[in-house]
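Observations on the model geometry
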Amino acid sequence: MKIDVQLTDKNEAYRIKNLYPLYLYDLSGHYSRLPNSHGIYEDSDEFQTLSDQYEVQNIWWEKPDILFPYLILVDGKPAGFILIATPPHCNKGIDYFINEFFLIQSLRGQGIAEYAANKVFEQFKGNWELFTNPSEKNIVGQKFWRKTISNYTNGMYMEEQHGETFDGYQLIFRFNNSEK
């Protein structure tokens, strides 16, 4: 199995956008959310079609020195994505924020997601932060991030805490890979 993690440009944006509804569907199980009145997984009824949702995602390809949309490919096929934000789209003192991370279900548990995360971590050195749902419904996600960050930092990741974020109450992971 060949795994690639590639930074995408506007010409490849559609590949991540095509995977995005699957990601939102996955999240619906963690947060017990239903789609809006139009069948789109968004908080607002303003989104009537997937095209409407795609337009909002364009920001990821409009700020190439600030936002970094990575596509995960397995044997040349789109399998997931990692969306990395930098200031001003991070909390104070944070250099890199994992805004979204997704791998299709059929490929989970095979080391692909950890490999992809590590590839992206190696692209940028500094203070990292990510949030994940702290509920019982997301035990697998919590264990994934705890293991992945611990393995990557040799057990020396800075911080794991529960707290309020711009996205509600979350489990927050922070680490620094400047010395790695």
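Anything mentioned here points back to the structure above.
Residue positions within a chain follow its written sequence, with the count starting from 1. Side-chain atom pairs in this predicted model are given and counted only at pLDDT of 80 or more, local residue features only at pLDDT of at least 70, and totals for whole chains, interfaces and linings cover all residues. Values shown for side chains rest on all heavy atoms present in the structure; no hydrogens or waters enter the calculation.

**Considerations on the nonpolar core**
Judged by nonpolar contacts, the single largest core of 29 residues is most densely connected at Tyr70, Ile82, Ile84, Ile98, Phe121, Trp128 and Trp145. Going through the elements one at a time, β1 (3-7), β2 (67-74), β3 (77-85), β4 (96-103), α3 (112-123), β5 (127-132), α4 (139-153) and β7 (168-176) are the ones with two or more residues in this core. The leading source of residues in this core is α3, at six residues. Contact partners of Tyr70, with chain neighbours within four places excluded, come to Val5, Gln6, Leu7, Ile16, Gly80, Phe81, Ile82, Leu83, Ile84, Val120, Gln123 and Phe124. By size, the runner-up hydrophobic cluster in this structure holds 20 residues, among which are Tyr20, Tyr23, Leu67 and Phe131. The criterion is simple. A nonpolar core is a set of buried Ala, Val, Leu, Ile, Met, Phe, Trp, Tyr and Cys residues joined through side-chain atoms within 4.5 Å. Relative accessibility thresholds used throughout: buried, under 20% of the residue-type maximum; exposed, over 50%; partly exposed, between the two (1.4 Å probe, protein chains only). Numbering of helices and strands runs from the N terminus; a helix is a DSSP stretch of H or I covering at least four residues, while a strand is a stretch of E covering at least two. Should any heavy atoms of two residues lie within 4.5 Å, those residues are counted as being in contact.

**Quick notes on the environment of Thr49**
Relative to the elements of secondary structure, Thr49 occurs in the loop between α1 (13-31) and α2 (50-57). Relative accessible area serves as the criterion here: at 37%, Thr49 is assigned to the partly exposed category.

**Topic: the sheet that holds β3**
Spatially, seven strands are ordered β1-β2-β3-β4-β5-β7-β6 in an open sheet, and the strand pairing comes out mixed. If you trace the sheet from one side to the other, it starts and ends with β1 and β6 (159-165), each paired once. Sheet twist, expressed as the average angle between the axes of neighbouring strands with direction ignored, equals 30°. In this structure, β3 lies alongside β4, joined through six bridges in antiparallel fashion. Residue Ile84 lies in a different strand from β4, and its bridge partner there is Ile98. Working convention: axes come from line fits to C-alpha atoms, limited for helices to the stretch in contact. Angles between N-to-C directions cover 0 to 180 degrees. α4 contacts β4, β5, β6 and β7 of the sheet and is inclined by roughly 10° relative to β7. A strand pair is defined by DSSP finding two or more bridges across the two strands.

**Let's talk about the pairing of β2**
Across the eight residues that make up β2, a large majority, eight, are buried. Going residue by residue along β2, you find Leu67, Pro69, Leu71 and Leu73 tucked away on one face and Phe68, Tyr70, Ile72 and Val74 tucked away on the opposite face as well. Here five bridges tie β1 to β2, and the two strands are oriented antiparallel to one another. Pairing of Val5 across the sheet is with Ile72, part of β2. With eight bridges connecting them, β2 and β3 associate as antiparallel partners. Bridging across to β3, Tyr70 finds its partner in Ile82.

**Observations regarding the packing of aromatic side chains**
The geometry of an aromatic ring pair comes down to the distance between the two centres and the angle between the two planes. Any Phe, Tyr or Trp ring, taking Trp's six-membered ring, that has another such ring centre within 6.5 Å forms a pair; planes under 30 degrees apart are called stacked, those over 60 apart edge-to-face, and the others tilted. For the structure on display, the rule yields 21 aromatic pairs. Ring plane angle 35° and centroid distance 5.2 Å describe the contact between Tyr96 and Trp128, whose orientation is recorded as tilted. You can see Tyr96 sitting in strand β4 and its partner Trp128 sitting in strand β5, a full 32 residues away along the chain. Of the aromatic side chains, those joined through ring pairs into one cluster are Phe68, Tyr70, Tyr96, Phe121, Phe124, Trp128, Tyr152 and Phe175.

**Things to note about the pattern of salt bridges**
One speaks of a salt bridge when a side-chain nitrogen belonging to Lys or Arg is within 4 Å of a carboxyl oxygen belonging to Asp or Glu. All told, the structure shown has seven salt bridges when counted by the stated rule. Close ionic contact of Glu129 with Arg174 constitutes a salt bridge, the shortest N to O distance being 2.6 Å. One end of the pair, Glu129, is in strand β5; the other, Arg174, is in strand β7, and 45 residues separate them in sequence. Residue classification places Glu129 among the buried residues on the basis of a relative accessible area of 1%. If you follow the salt bridges from partner to partner, you end up with Glu129, Glu159 and Arg174 in one network.

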